[in-house]
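Each chain, letter by letter, is given below.
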Amino acid sequence: MRETHLLLGQTLRFTGAPFAQGIDAARHERNGAVLVADGRIAEVGTAEDLRARFPLAEITNYGDALITAGFVDAHAHYPQTAMIASWGKRLIDWLNSYTFPEEMRFADPDYAAAIAARYFDLLLSNGTTTVCSFCTIHPESVDAFFAEARARGLRALAGKTCMDRNAPDALTDSAQSAYDDSKALLKKWHGVDRLRYVITPRFSPTSTPEQLEAMGVLWSEHPDCLMQTHLSEQRDEIEWVRALFPEARDYLDTYERHGLLGPGALFGHAIHLQERERAVLRETGSSLIHCPTSNTFIGSGLFDMDGLTIEGHRIGLATDTGGGSSFSMLRTMAAAYEIAQLRHRALHPAELYWLATAGSARALRMDDRIGNLSPGLEADLVVLDLASTPAIAQRAARADDIWEALFPTIMMGDDRATRAVWVNGRPVRTGAPSR
Ligand code: GUN
Ligand code: ZN
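Please read all numbers here as calculations on a predicted model, not as lab measurements.

Moving on: the pairing of strand β15 (residues 418-423). Of all six residues in β15, six are buried; the element is thus mostly enclosed. With four bridges joining them, strand β14 (residues 381-384) and β15 adopt antiparallel strand pairing. Bridge assignment links V383 to a residue of β15, and that residue is A420.

Let us now look at the nonpolar core. In this structure, Y78, F267 and Y353 are the most contacted members of the largest nonpolar core, which totals 104 residues. Take this core: its biggest share by element is eight residues, from helix α4 (residues 109-125). Not counting chain neighbours up to four residues away, the residues in contact with Y78 comprise F106, A112, I115, A116, Y119, S133, F134, C135, S141, A144 and F145. Residues L157, L266, C291 and A318 belong to the second largest nonpolar core, which totals 15 residues.

For the zinc ion (ligand 2), every protein donor is listed as H75 (NE2), H77 (NE2), H230 (NE2) and D320 (OD), and the spread of their distances is 2.0 to 2.5 Å. Geometry at the zinc ion (ligand 2) is irregular, judged from its four donor atoms and the angles of 91 to 162° they form at the metal. Of note, the zinc ion (ligand 2) draws all its donor residues from one chain, in the sequence arrangement H-x1-H-x152-H-x89-D. Of this pair, H75 sits in strand β5 (residues 71-77) while H230 is found in strand β10 (residues 226-231), placing the two residues 155 residues apart along the sequence.

Before going further, it helps to spend a moment on the pairing of β5. With seven of seven residues buried, β5 lies mostly within the body of the structure. Sheet topology places β5 next to strand β6 (residues 128-134); five bridges connect them, and they run parallel. Residue A76 lies in a different strand from β6, and its bridge partner there is S133.

Before going further, it helps to examine helix α13 (residues 329-342). With 14 residues, α13 extends 20 Å from end C-alpha to end C-alpha; this agrees with the ideal 20 Å at 1.5 Å per step. Counted residue by residue, α13 has 10 buried out of 14 residues, so it is predominantly covered. Of the positions making up α13, those classed as buried are M329, L330, T332, M333, A334, A335, A336, Y337, I339 and A340. Of the residues that open α13, the one with a side-chain oxygen 3.0 Å from the backbone nitrogen of L330 is S328. H344, located one to two residues past α13, shows a positive phi value of around 65°.

How each quantity is defined
Residues numbered from 1 in each chain as written. Chains lettered and ligands numbered in written order. Predicted model: local features only at pLDDT ≥ 70, side-chain atom pairs only at ≥ 80, totals over all residues. Heavy atoms only, no water. Buried < 20%, exposed > 50% of the residue type's maximum accessible area, 1.4 Å probe, protein only. Helix = DSSP H or I, 4+ residues; strand = E, 2+ residues; numbered from the N terminus. Pairing = 2+ DSSP bridges. Core = buried A, V, L, I, M, F, W, Y, C linked by side-chain atoms within 4.5 Å. Contact = heavy atoms within 4.5 Å. Donors = N, O, S within 2.8 Å, 3.2 Å for Na, K, Ca; no water. Tetrahedral: all angles 85-135°; square planar, octahedral: opposite > 155°, others 65-115°. Expected span 1.5 Å × (residues − 1). Polar contact = N/O pair within 3.5 Å; in protein donor to acceptor, adjacent residues only side chain to side chain.

Written out as structure tokens, the structure is:
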């Protein structure tokens, strides 16, 4: 029998990108409704219309809460869950002092499974329904991630993080073993249920040219996979890349010359870019993933959202947990707002929300499946309480429109704002009781 649910509340969806088409690309319905059938969004409209047309659907009335697509976190490191918010270091020191020791623990499959379970619980409690994560060099860490995602019915993406130099011995593979392990994991997980394998060289400083070449070959053999890595996060890192790859024109060229560029390439951070890099990234349809809480926390710099969107780049938004200091895409939107303000551009709530949902889905080349309230898309939804704390409630009470009502939750909200989450057409969590 067809399982049909009718969700009532305020709704927010996008008919295009607000960066390109303006704020009218965001559509808000005060008395909205979403019909969910067989795991998909079947209809989006007004409560009045859909109630009349689908009288047999099981109704869940969320009242004043806001129903939208679930959040899409386009770049994270689930193995860094337990060491998030580690004090006092910049990128390279932070990797050596905190990150690598923690990632070594993932040789133990039980530890990997425990952290993966904890991570997905944290994601769902924050309304994130899709993540694209790095794992560690251990195949067990990939198995743990995908097993936990699969058990929750999630659409999730990840890959084994490959490193064959400039990391502790216990965390290095080789060009050949990275290729072999990645290929085996890809065959095991890519396309299983809602899971996707992502080819994952960590970044140029921890891969030899031979390993980057092997990753490029693997990608050319599996062009339907995404490829994720890091690019131009900190100035020291860029100097290091210049020393390690004297023949390269710039940082991006260290990937480009090994076939690691093109549609489906995801570059985390992309802050300190040269003109040539910007042009090539745009021409090749590569995705830039903005990680604002990480960029302030590790002291990396201010992403050029305004300039890059004007140039027409494909941009996603991400926590970069645990370089990022939060699991919450609300907190991540707030940080993106603050960084853009420091560059004299006030991002509109519609732009922020688009980045955290449809924009990230587009960056992951999955906007035909997730990231919006559109008929035919998979029913991954978050329902937000726009008055989740006294501070937010008193500000939202003064709001004249949806943007003024939503912005306090973007700036001050956390997991208390998550009223409910639906994954693949099923409710997975009911948050705080309605007041
Ligand atoms: N660059 C290479 N690895 C990492 C990582 O784990 N986190 C961040 N923020 N940057 C990186
Ligand atoms: Zn990262």
